[in-house]
Amino acid sequence: MVASFVYTTVRTPFGRFGGALAEVRPDDLAAVAVSGVLARSPALDPALIGDVYWGNANGAGEDNRNVGRMAVLLAGLPTSVPATTVNRLCGSSLDAAIIGSRAVESGDADIVLTGGVESMTRAPWVLPKPSRAFPAGDMTAVSTTLGWRLVNERMPKEWTVSLGEANEQLAERFAITRERQDEFAAQSHHLADDAWNSGFYDGLVVPVVLDGEVRLAHDEGIRSGTSPQKLAGLKPAFRPDGVITAGNASPLNDGASAVLIGSEDASSRIGVAPLARIAGRGVSALDPQMFGFAPAEAAERALKRAGISWSDVSAVELNEAFAVQSLACVDAWKIDPAIVNAKGGAIAIGHPLGASGGRILGTLAARLHASGKRWGVATICIGVGQALAVVLENVTEGAR
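Residues numbered from 1 in each chain as written. Predicted model: local features only at pLDDT ≥ 70, side-chain atom pairs only at ≥ 80, totals over all residues. Heavy atoms only, no water.

(A) Focus on the pattern of salt bridges. Using the criterion set out here, one finds 16 salt bridges in the structure. Among the ionic pairs, Asp95 bridges to Arg88, the shortest N-O distance being 2.9 Å. With a shortest N-O distance of 3.0 Å, Arg281 and Glu105 are connected by a salt bridge. Taken as a pair, Arg281 in strand S11 (residues 276-285) and Glu105 in helix H3 (residues 92-106) lie far apart in primary sequence, 176 residues in all. A relative accessible area of 13% means that Glu105 is categorised as buried. The network of salt bridges with common partners includes Glu165, Glu172 and Arg239. (Salt bridge = Lys/Arg side-chain N within 4 Å of Asp/Glu carboxyl O. Helix = DSSP H or I, 4+ residues; strand = E, 2+ residues; numbered from the N terminus. Buried < 20%, exposed > 50% of the residue type's maximum accessible area, 1.4 Å probe, protein only.)

(B) Summary view of the nonpolar core. If you look at the biggest cluster of nonpolar residues, it comprises 47 residues, and the most contacted ones within it are Trp310, Val313, Val316, Trp333, Ile335 and Val391. Elements supplying a minimum of two residues to this core: helix H4 (163-174), helix H5 (178-197), helix H8 (295-306), strand S12 (313-318), helix H9 (323-333), strand S13 (375-382) and strand S14 (386-394). No other element matches H9, which puts seven residues into this core. The residues contacting Val313, other than those within four sequence positions of it, are Leu303, Ile308, Ile339, Trp375, Gly376 and Val377. Of all hydrophobic cores here, the second largest spans 34 residues; its members include Val34, Leu44, Val72 and Leu210. (Core = buried A, V, L, I, M, F, W, Y, C linked by side-chain atoms within 4.5 Å. Contact = heavy atoms within 4.5 Å.)

(C) A look at the state of the cysteines. Using the criterion set out here, one finds zero disulfides in the structure. Here Cys90 is not disulfide-linked; the sulfur of Cys381 is the nearest cysteine sulfur, at 6.1 Å. (Disulfide = S-S within 2.5 Å.)

(D) Quick look at the side chain of Glu118. With respect to the element layout, Glu118 can be found in strand S5 (residues 111-119). No salt bridge is formed by the buried Glu118. Its closest oppositely charged neighbour is Arg149, at 7.9 Å. In this structure the side chain of Glu118 is engaged in a polar contact, spanning 2.8 Å, whose partner is the backbone nitrogen of Ala57. One polar contact links the side chain of Glu118 to the main-chain amide nitrogen of Asn58, over a distance of 3.0 Å. When sequence neighbours within four positions are dropped, the list of residues in contact with Glu118 reads Leu29, Asn56, Ala57, Asn58, Asp63, Asn253, Asp254, Gly255, Pro352, Leu353 and Gly354. (Lys, Arg positive; Asp, Glu negative; His and termini not counted. Polar contact = N/O pair within 3.5 Å; in protein donor to acceptor, adjacent residues only side chain to side chain.)

(E) Spotlight on the packing of H8 against H9. The N-to-C vectors of H8 and H9 enclose an angle of 45°; their axes lie 9 Å apart at closest approach. Of the possible angle classes, the one that applies to H8 and H9 is oblique. For the crossing formed where H8 meets H9, the hand is right-handed. Contacts from Pro295, Ala296, Ala299 and Glu300 of H8 reach H9 at Cys329, Ala332 and Trp333. For the contact of H8 with H9, the residue count by class is six nonpolar, no polar and one charged. (Axes fitted to C-alpha atoms, helices over the stretch in contact; angles between N-to-C directions. Parallel < 35°, antiparallel > 145°, perpendicular 65-115°, else oblique. Left-handed = near helix turned anticlockwise from the far one by under 90°. Nonpolar A, V, L, I, M, F, W, Y, C, P; charged D, E, K, R; others polar.)

(F) Spotlight on the side chain of Asp27. Positionally, Asp27 belongs in helix H1 (residues 26-39). When its relative accessible area of 7% is taken as the criterion, Asp27 is described as buried. Polar side-chain contacts of Asp27 include one of 2.9 Å to the side chain of Arg25. What Asp27 contacts, discounting residues up to four positions off in sequence, is Glu62, Val67, Met70, Ala71 and Leu74.

(G) A look at the pairing of strand S1 (residues 5-11). Counted residue by residue, S1 has seven buried out of seven residues, so it is predominantly covered. Across two bridges, the pairing between S1 and S11 is antiparallel. Paired with Phe5 across the two strands is Arg277, which belongs to S11. Where S1 and strand S10 (residues 253-262) come together, six bridges link them in antiparallel fashion. (Pairing = 2+ DSSP bridges.)

(H) Up close: the packing of aromatic side chains. For the coordinates displayed, the defined rule picks out four aromatic pairs. Where Trp196 meets Tyr201, the ring centres are 5.4 Å apart and the plane angle is 40°; that geometry is what we call tilted. With a centroid separation of 4.9 Å and an interplanar angle of 35°, the aromatic rings of Trp310 and Trp333 are classed as tilted. Here Trp310, found in the loop between H8 and S12, pairs with Trp333, found in helix H9; they are 23 residues apart in sequence, far enough to count as distant. Overall, the relative accessible area of 13% leaves Trp310 in the buried class. The structure contains a cluster of three or more aromatic residues connected by ring pairs, namely Trp196, Phe200 and Tyr201. It is Arg11 that lies over the ring of Tyr201; its NZ or CZ is 5.0 Å from the centre. The ring of Phe200 is capped by Lys343, whose NZ or CZ atom sits 4.9 Å from the centre of that ring. (Phe/Tyr/Trp six-rings, centres within 6.5 Å; stacked < 30°, edge-to-face > 60°. Lys NZ or Arg CZ within 6 Å of the ring centre and 35° of its normal.)

Okay, here's the thing in structure tokens:
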């Protein structure tokens, strides 16, 4: 059977909601990531890319329905390179990588480009279309930035609570305190800041440059001086007596990521050696309001398919949608927290929905390469009660 490998990865810096990337369209952000990952494989003829799988959660505006194809065209790739857009909400770009890896393993393609993009700043408001002409009442514009919208009344109310309320329920279920969450969040900022200062992200991040102007070169949301004590001063965001705050949850962001995947034989055409083998994949689902805990099972399934256990794993990239759901998953796995998000996570770096899966997969491959260790897991929770996970095996020289 043909195996699939991660060859090169790249992402843009992640911008704050309304921040430095607020004037950059999502299709332009996606094109930056496409160009950036191909620049790391200069020997590759882009015409050899068999397909492009691109993640995006909000396709209602400038994403223009199939933002993957828009990115390919704007990046100047041959018009013969096809592209599709994948939507599994927060897991969209990890799903894109999973789909791409299956295409390689089945022999449908030898080289695929995957990734994702989100501009949460530029996500539009939408109006429901009336069922008949000229309704007499007012119409309300609904934001497409995050969460439920235009909810079907047949959905049980407990399923459609806000993301924050869902995580308040997780905190109650697993008895995870505000103090633990704030400590986890502060650590995310410190680790991300240290990783930038040490140069870890220099090879993974390409600046957003448009019309000759550098719009952003560094993740915009990292706060090096934060502390649990400072975070403790923030008011609860969803319940008056709750534990979820703006400080222990991921923010709204803009950004893009890209991952080049190919067969082992594709190395000569890509011009670089592979970083990691995609060794296992997992998907899971549970009650929609429990979405934050879904990675616990998805990761277990991916490990089983890879034929390894947690004792073999040296690095985990778990997307930090909320501190509480991250802690719940780490507790369930009974692993050393020090191997989780050692270069910072989404609470500090950001969570532009369609781009986050590609970010954690690229960071995981880079961590394995830097450490020389063999096995790692990337996993992400997804709104409406789902999760995805991928196991990577380090195949770089000297891996152990």
